[in-house]
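Structure assessment
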Amino acid sequence: MRLYLLYVLLGVVFLGVQAHPLLPFAQQGIRPDLVFILVLYLGTRPEIERGSGAVLVSLLGYFCAVFSGGPFGLYAFVYLFFFVSIGLLKTVFVLRSIYLQLLLVVLGSILEGCLLFILCWAFHNNPHMLASFKNIFPKQLAFTVAVAPVILLFLQYITNCWSQNNAINLFRVFSQPSSVKTAAS
Amino acid sequence: MLQFLLKRKSVILIAILFLLSLTLLARDIEKREGGGLFDAIIIPVLSPPLKLSTLAFNKAYRLWQGYFNLVSVRSENVLLQKAVADLQRDNQLLQETALENRRLRELLGFKKKLPYHFIPAEIIGRDPSSWFRTLLIDKGTDGGIRRGAAVMTARGIVGKILEAQKMTAKVLLIIDSNSALDILVQRSRAKGIIEGRTEERCELRFVSKNEDIQNGDIIVTSGLNEIIPKGIVVGAVVNVVRNSPGFFQLVEIKPAVDFSKLEEVFVVVP
């Protein structure tokens, strides 16, 4: 549970950075999708359970919608779609290597752009989304891919720290005398 | 049956989540609902750090600018004094015209214009993606803001309120592709609808090819929608294409507001 809370907190921090009014180059359409990178990362993690993970990424999607002008369920749907898709990929490939995760971010960002465009076009029939798509998509993709290694390394670092601390705590519990262990249990 | 459902609970949960998001997605953007609960969670968490960091950066930037601007302050002062004198003269003339206008409207029995209030607000967030152009401001329904109200700066219109929560409100910028606003061409009084395209351009739509529109014409709000006052500057015409196919001419507008430098805005409420 605490691990999920940690990821929610990370998502909120990433969202805060993404939605910050003073983010450099943001007005030129350069706004990296940090929450999306987190969603892809969560999809690759073996410790994230499918059902709880789906709730977690949907929550992150709804949080994004609070700041966005898009339809309310848009990000929740997109994030959930990618989380489930990576979950299926995870059954075939081992996705723990940072290079594979980076490849996932590149492919995922391209697909995310296409999916956002298709959903906005299909549900809201906005004919001008194509102009925005052509104008914004390459810049957003380039910047997301540029920051992805740093974000992925950071996420791996956080996850490692977390699992080490948990291991230490576990070790402490198991190394305690049996009387204390019984009392603790 | 129960065992079957319990075995597949994660699949059922994912299906429910997909359905929920699709239902919300299918709703009209202009009638966005369902954000209240998430607003109540996320806004109190993110609003203070966003507000504080923006404030600190702006203060530091102004201090830095103020220090360097001292170099040219004397020559600028002379220019500004001249500008103030010109503006005072113009203001007197405009006040006379306004009084005359009011008297004539009373004589003709026209409906009295509603007084508007200007509520200052600070920008605390922008759209997290580049796909939509929205802002989050630090005033909501508690501050008297309501949906559809105009948002402007001294230079012109910024957008309108898309969604108002208790403490915050979301502004749909005129450069967003979902935005549409009734306008008038100030010189020729031609009417049309302005829609967002890119950061630097909007498109004026549904203007007949017979209408007289030229480069440099100023575009103002029409006031057709009573919530948005008439006469707020929207931008200037930068390109007119009359030989396009169809009944209407293609008109490109450069917005009066620089959206990259927005810090504070005014919400106009009747």
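Quick caveat: nothing in here was measured; it's all calculated off a predicted structure. (Residues numbered from 1 in each chain as written. Chains lettered and ligands numbered in written order. Predicted model: local features only at pLDDT ≥ 70, side-chain atom pairs only at ≥ 80, totals over all residues.)

Section: the overall build of chain B
Counting its regular elements, chain B contains four helices and 12 strands. Overall, the C-alpha framework of chain B stretches about 85 × 55 × 40 Å when taken along its three principal axes. The burial tally for chain B puts 32% of its 270 residues in the buried class. Residue pairs in contact within chain B that sit at least 24 positions apart in sequence constitute 55% of those at least 6 positions apart. (Helix = DSSP H or I, 4+ residues; strand = E, 2+ residues; numbered from the N terminus. Buried ≥ 20, exposed ≤ 12 C-beta atoms within 10 Å, placed from the backbone. Contact = placed C-beta atoms within 7 Å.)

Some details on the pairing of strand E2 (residues 134–137) of chain B
Residue and element names in this part refer to chain B. Side chains Thr134 and Leu136 of E2 all project onto a buried face; the interleaved residues Leu135 and Ile137 project onto the opposite face, where all are buried too. Sheet topology places strand E1 (residues 117–126) next to E2; three bridges connect them, and they run antiparallel. Note that in E2 the partner of Arg126 across the bridge is Leu135. As judged from the four bridges shared by E2 and strand E5 (residues 169–173), these two strands associate in the antiparallel manner. In the strand pairing of E5, Ile137 is matched with Ala169. (Pairing = 2+ DSSP bridges.)

Concerning the nonpolar core
Core analysis: the largest hydrophobic core is formed by 102 residues, its most contacted members being Ile37, Leu38, Val39 and Tyr79 of chain A together with Val171 of chain B. Residue contributions to this core peak at 11 residues, all from helix H3 (residues 50–67) of chain A. Leaving out residues up to four positions away in the same chain, Val171 of chain B has contacts with Thr134, Leu135, Ile137, Val151, Val158, Gly159, Ile161 and Leu162 of chain B. (Core = buried A, V, L, I, M, F, W, Y, C linked by C-beta atoms within 7 Å.)

Notes on the sheet that holds E5 of chain B
Residues and elements named next belong to chain B. Pairing is antiparallel around the closed barrel formed by six strands, whose spatial order is E1-E2-E5-E4-E3-E12. In this sheet, neighbouring strand axes are inclined to one another by 45° on average, regardless of whether the strands run parallel or antiparallel. By the bridge criterion, three bridges tie strand E3 (residues 150–152) to strand E4 (residues 157–164) in an arrangement that is antiparallel. Paired with Met152 across the bridge in E4 is Ile157. (Axes fitted to C-alpha atoms, helices over the stretch in contact; angles between N-to-C directions.)

Concerning the domain arrangement of chain B
The domain architecture assigned to chain B consists of domain 1 (36–108), domain 2 (117–176 + 261–269) and domain 3 (180–256). Taking the mean C-alpha position of each, domain 1 of chain B and domain 3 of chain B sit 25 Å from one another. (Domains from an automatic or database assignment.)

Observations concerning the packing of helix H2 (residues 34–44) of chain A against H3 of chain A
Residues and elements named next belong to chain A. Remark: H2 packs on H3, axes separated minimally by 11 Å, with the N-to-C direction vectors making an angle of 175°. When the axis of H2 is compared with that of H3, the two are roughly antiparallel. For the pair formed by H2 and H3, the contact residues are Val35, Val39 and Leu42 on the first element and Gly53, Leu56, Val57, Leu60 and Cys64 on the second. Partitioned by chemical class, the residues of the contact of H2 with H3 number seven nonpolar, one polar and no charged. (Parallel < 35°, antiparallel > 145°, perpendicular 65-115°, else oblique. Nonpolar A, V, L, I, M, F, W, Y, C, P; charged D, E, K, R; others polar.)

Observations regarding helix H4 (residues 73–108) of chain B
Residue and element names in this part refer to chain B. Between its first and last C-alpha, H4 extends 50 Å over 36 residues, near the 52 Å set by a 1.5 Å rise per residue. Within H4, only zero of the 36 residues are buried, which leaves it mostly out in the open. The first or second residue beyond H4 is Gly109, which carries a positive phi of 75°. (Expected span 1.5 Å × (residues − 1).)

What to know about the interface of chain B and chain A
At the junction of the two partners, chain B supplies 54 residues and chain A supplies 47 residues. Taken together, the elements giving at least two residues each to the side of chain B that touches chain A come down to helix H2 (9–26), helix H3 (36–69), E1, E2 and E5 of chain B. In terms of residue count, the dominant contributor to the side of chain B that touches chain A is H2 of chain B (13 residues). Taken together, the residues that form the side of chain B that touches chain A break down as 27 nonpolar, 15 polar and 12 charged.

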